[in-house]
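Take a look at the letters that make up each chain.
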Amino acid sequence: MAQVTRKSWEAAFAKLEASLKKLSPSKAKDLAALDRLRVALLGRSGTLTELLKSLKDLSIEERRELGPKAQELRAALEAAFDARKTALEAQADDDAAAENALDLTLPPHVPPRGRVHPLTSTLEEMTRILSLMGFSWAEGPLVESDDNNFTKLNIPEHHPARGMFDTFYLKDSPLLMRTHTSPVQIRTMESTRPPLRIISPGRVFRHEAVDATHSAVFHQVEGLYIDKGVSFADLKGTLDVFMQKLFGAKTRTRFRPSYFPFTEPSAEVDVSCLFCESKGCSICKNSGWIELLGAGVVHPNVLSAVGYDPEVWSGFAFGIGVERIAMLRLGVSDIRAFYENDLRFLKQFDENLV
Ligand code: PHE
């Protein structure tokens with residue numbers, strides 16, 4: 001390196017100061033550029049570092065005069081580097097934030113809202129009314145014994161009434177899929193002392209050809225009331241109120257004699273047509289009545305089978321199809337629509353949310 005003189009040092013210093021007009025820290029466009037500039041000026045062999053080092057070749061007076069100028073410049077540069085660094089870092093944070101920012105002008109994503117299935121809302125409405133009338137909830141299994149589903153309900157083996165139910169039997173097992181909710185009558189009476197008043201909603205199974213009004217799997221609500229002195233009149237009164245609450249105050253009921261092995265007398269219960277006020281329409285086939293459920297006075301043999309004394313206790317029972325009620329309430333003409341999970345169908349019943 002050439003001999004350092006005051007003149008050459010001052011020239012080099014002036015050149016450095018001049019270069020800083022163009023290449024100052026405050027103009028560095030990013031952190032990398034800022035760092036490169038810092039190394040070039042203040043690094044171990046940076047321009048200013050070299051100038052400071054070369055002061056030692058000057059006289060003591062010259063050093064006293066020039067040294068502070070160089071130190072001052074170094075302090076100013078360090079401050080400028082720091083300031084720019086802070087600014088660039090803040091800028092980088094802002095940029096990242098802007099990149100990740102939520103665009104609040106976008107329409108929000110609305111998750112699809114669930115609905116209560118029309119069969120569920122119908123079942124809930126039925127059980128709500130019956131629980132207000134004093135019936136409590138009882139449940140039984142879907143797989144039943146032959147005893148509970150038939151024998152104790154006064155349908156002994158080989159009785160022709162077994163033909164009323166197209167039963168699914170389990171393979172290599174004495175069990176079957178319950179064909180009605182009536183076995184819950186047996187289960188409840190066997191585990192409870194009278195009086196009792198229960199409803200039992202649930203799924204039942206029959207080996208039926210599926211069409212617009214039949215399904216191999218459907219739902220029933222069973223009702224059972226046992227007390228002293230319960231008569232057919234109590235059954236009539238109870239079902240009258242139930243039907244009026246379900247279909248409207250004008251609804252009337254009609255009891256037609258019928259046959260069930262577990263009730264005597266038995267009745268098929270109709271309601272006045274909801275669609276034509278009993279004037280006659282296609283839904284009631286011009287009869288003014290819609291067939292709805294089976295009911296009757298509990299047969300003494302059923303009471304005896306569960307250990308109740310038929311001389312002391314009496315009662316009534318009814319069994320009612322949930323799908324049938326739902327079809328009438330909601331104006332659905334094909335039972336299969338309930339099981340197909342077609343949202344275009346299901347979405348129509350929002351107003352029936354319970
Ligand atoms: N269990 C009968 C059926 O499924 C309905 C019923 C219940 C009838 C209770 C009378 C009494 O057909």
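Everything here concerns the structure above.
Computed from a predicted structure; not experimentally measured.

Calculation criteria
Residues numbered from 1 in each chain as written. Predicted model: local features only at pLDDT ≥ 70, side-chain atom pairs only at ≥ 80, totals over all residues. Heavy atoms only, no water. Helix = DSSP H or I, 4+ residues; strand = E, 2+ residues; numbered from the N terminus. Buried < 20%, exposed > 50% of the residue type's maximum accessible area, 1.4 Å probe, protein only. Contact = heavy atoms within 4.5 Å. Patch = residues over 30% accessible without salt bridge, like charges linked within 9 Å, V, L, I, M, F, W, Y side chains within 5 Å. Areas by Shrake-Rupley, 256 points an atom, 1.4 Å probe, with all protein chains shown as cover. Salt bridge = Lys/Arg side-chain N within 4 Å of Asp/Glu carboxyl O. Polar contact = N/O pair within 3.5 Å; in protein donor to acceptor, adjacent residues only side chain to side chain. Core = buried A, V, L, I, M, F, W, Y, C linked by side-chain atoms within 4.5 Å. Near = heavy atom within 4 Å. Nonpolar A, V, L, I, M, F, W, Y, C, P; charged D, E, K, R; others polar.

Side note on the environment of Leu20
So, point 1. Counting through the fold element by element, Leu20 comes out in helix 1 (residues 6–22).
So, point 2. You can call Leu20 buried: its relative accessible area is 12%.
So, point 3. Each C-alpha atom of the pair Leu20 and Leu37 lies 10 Å from the other, and the pair is 17 residues apart in sequence.
So, point 4. Aside from chain neighbours lying at most four places away, what touches Leu20 is Leu41, Leu73 and Leu77.

Notes on a nonpolar patch on the surface
So, point 1. Residues Leu142, Val143 and Leu175 make up a contiguous nonpolar surface patch of roughly 190 Å² in combined accessible area.
So, point 2. Secondary-structure assignment places Val143 in strand 2 (residues 143–145).

Focus: the environment of Arg256
So, point 1. Structurally, Arg256 is set in strand 6 (residues 253–260).
So, point 2. Look at Arg256 and you get partly exposed, because its relative accessible area is 29%.
So, point 3. Counting along the chain gives 87 residues from Arg256 to Tyr169, while the straight-line C-alpha distance between them is 32 Å.
So, point 4. In this structure, Arg256 is in contact with Ser266, Ala267, Glu268, Asp270 and Glu291, ignoring residues within four places of it in sequence.
So, point 5. Among the polar contacts listed, one links the side chain of Arg256 to the side chain of Asp270, at a separation of 2.8 Å.

With respect to the nonpolar core
So, point 1. Counting residues in each nonpolar core, the largest one holds 43 residues, and the members touching the most others are Leu239, Phe242, Leu292, Leu293, Phe318 and Ile320.
So, point 2. Going through the elements one at a time, helix 5 (118–132), strand 5 (217–227), helix 8 (232–247), strand 7 (263–272), strand 8 (289–298), strand 9 (314–321), helix 10 (322–330) and helix 11 (343–346) are the ones with two or more residues in this core.
So, point 3. Contact partners of Leu239, with chain neighbours within four places excluded, come to Thr253, Phe255, Val269, Leu293, Ala295 and Phe318.
So, point 4. Among the nonpolar cores identified, the runner-up in size contains 23 residues, and Ala161, Phe165, Val184 and Met189 belong to it.

Remarks on the side chain of Asn149
So, point 1. Relative to the helices and strands, Asn149 resides in helix 6 (residues 146–149).
So, point 2. By relative accessible area, Asn149 is classed as buried at 0%.
So, point 3. Discounting residues that sit within four places of it in the chain, Asn149 has contacts with Glu144, Ile155, Leu176, Arg178, Thr179, His180 and Pro183.

Overview of the site of the ligand
So, point 1. In the vicinity of the ligand lie 14 residues, with His180, Ser182, Arg206, Gln220 and Gly319 positioned nearest.
So, point 2. Contact distances for the ligand include 2.9 Å between an oxygen atom and a side-chain N or O atom of Arg206.
So, point 3. Here an oxygen atom of the ligand and a side-chain polar atom of Gln220 are 2.9 Å apart.
So, point 4. Look at the ligand: alone it shows 320 Å² of surface, and the protein chains cover 93% of it.
So, point 5. Listing elements by their share of the shell around the ligand, those giving two or more residues are strand 5, strand 8 and strand 9.
So, point 6. Split by residue class, the shell around the ligand holds 5 nonpolar, 7 polar and 2 charged.

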